[in-house]
Amino acid sequence: MIVIALGSNRTGKWGPPDRTLAVALKKLVRMGVKILAVSSLYETVGVVPSGRPGVFANAVAIVASGRSPDALIALLKWLEKEAGQRSAMPSGPRPLDLDLIDWHGLVRHAPASSATGRRSGLPLVLPHPRLRSRPFVLAPLAEIAPGWRHPVTRETAQVLWRKIRRQRPGRVLARRPMPPYD
């Protein structure tokens, strides 16, 4: 199973955040990625480094692709750039944020000399290193794949979500239907 997280908190050239996520899914399909399941759209609280909260639109998709994890993340990062300018702040406003959460249960650690998280040029870490602390990923993942298991801890998405659902940063504010993407 391949799991991708989608997020947006700024209107970009593809429209407002909810529409941007739908356009990103449509573009993935056009590029040969098969969408197997998509969660509802979750409005969530994000916290940027300055401490100012913002509202994000988030979703999770389960996909199939013949691409390697590195080729898939390259495609996701290319789509982010196509969607519009991203803030210079690591967790700042952006029209589109796409993260590869899991690629068939593969576990890849960062070399000891690199930072956690993914920045351009750093190796891809799988599963996503901050997955277990992100309500905005775990809520939609638990919706569409409650039995999915974290490749390292073996905890299900539902168990992981229950552990952090009351966490304030990244908390879920509302759940709505995902706009059509086909």
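Everything quoted here is computed from the prediction, not taken from an experiment.

Caption draft 1: Molecular detail of the overall build of the protein chain. Along the protein chain, the regular secondary structure elements total 4 helices and 6 strands. Along the protein chain, helices and strands appear, N-terminal first, in the series β-α-β-β-β-α-β-α-α-β. Evaluated residue by residue, the protein chain yields a buried proportion of 47% over its 182 residues. Counting only carbon and sulfur atoms, one obtains 54% of the accessible surface of the protein chain, whose full area is about 8,800 Å².

Caption draft 2: Summary view of the pattern of salt bridges. Evaluated as defined, the whole model comprises 9 salt bridges. For the salt bridge of Lys77 with Glu80, the shortest nitrogen-to-oxygen distance reads 2.9 Å. Separated by 3 residues within a single helix, Lys77 and Glu80 lie in helix α2 (residues 69–83), roughly one turn from each other. Notably, a salt bridge pairs Arg134 with Asp99, separated by 3.5 Å at the nearest N-O pair. One end of the pair, Arg134, is in the loop between β5 (97–103) and α3 (135–144); the other, Asp99, is in strand β5, with 35 residues separating them in the sequence. Just as Arg134 is buried, Asp99 falls in that class too. Here the salt bridges do not stand alone but share partners, grouping Lys77, Glu80, Asp99 and Arg134 into one network.

Caption draft 3: Broad picture of the confidence of the model for the protein chain. This prediction gives the protein chain a mean pLDDT of 88; 86% of its residues lie at or above 70. Mean pLDDT across the elements of the protein chain bottoms out in strand β3 (residues 41–47) (86) and peaks in strand β2 (residues 34–38) (98).

Caption draft 4: Spotlight on unusual backbone geometry. Cis geometry marks the peptide bond from Leu126 to Pro127, where omega comes out at -10°. Among the structural elements, Pro127 can be located in the loop between β5 and α3. We note that His104 has phi near 55°; this positive angle belongs to a residue other than glycine. Take His104: its relative accessible area is 48%, and that puts it in the partly exposed class. A positive phi angle, near 70°, is found at Arg154, a position not held by glycine. As for its position among the elements, Arg154 is in the loop between α3 and α4 (157–164).

How each quantity is defined
The residue numbers shown here count from 1 along each chain, following its written sequence. Local features in this predicted model are restricted to residues of pLDDT 70 or higher, and side-chain atom pairs are both shown and tallied only at a pLDDT of 80 or more, whereas totals for entire chains, interfaces and linings draw on every residue. Just so you know, side-chain values use all the structure's heavy atoms and leave hydrogens and water out. In DSSP terms, a helix is any run of H or I states spanning at least four residues, a strand is any run of E spanning at least two, and both are numbered starting from the N terminus. Any residue under 20% of the maximum accessible area for its type is buried, any over 50% is exposed, and the rest in between are partly exposed; the area is computed with a 1.4 Å probe on protein chains only. Per-residue and other accessible areas were derived by the Shrake-Rupley procedure at a 1.4 Å probe size, with only the shown protein chains allowed to occlude residues. In the sections that follow, a salt bridge refers to a side-chain nitrogen of Lys or Arg positioned within 4 Å of a carboxyl oxygen of Asp or Glu. Each residue carries a pLDDT score, the predictor's own confidence in it, on a scale running from 0 to 100.

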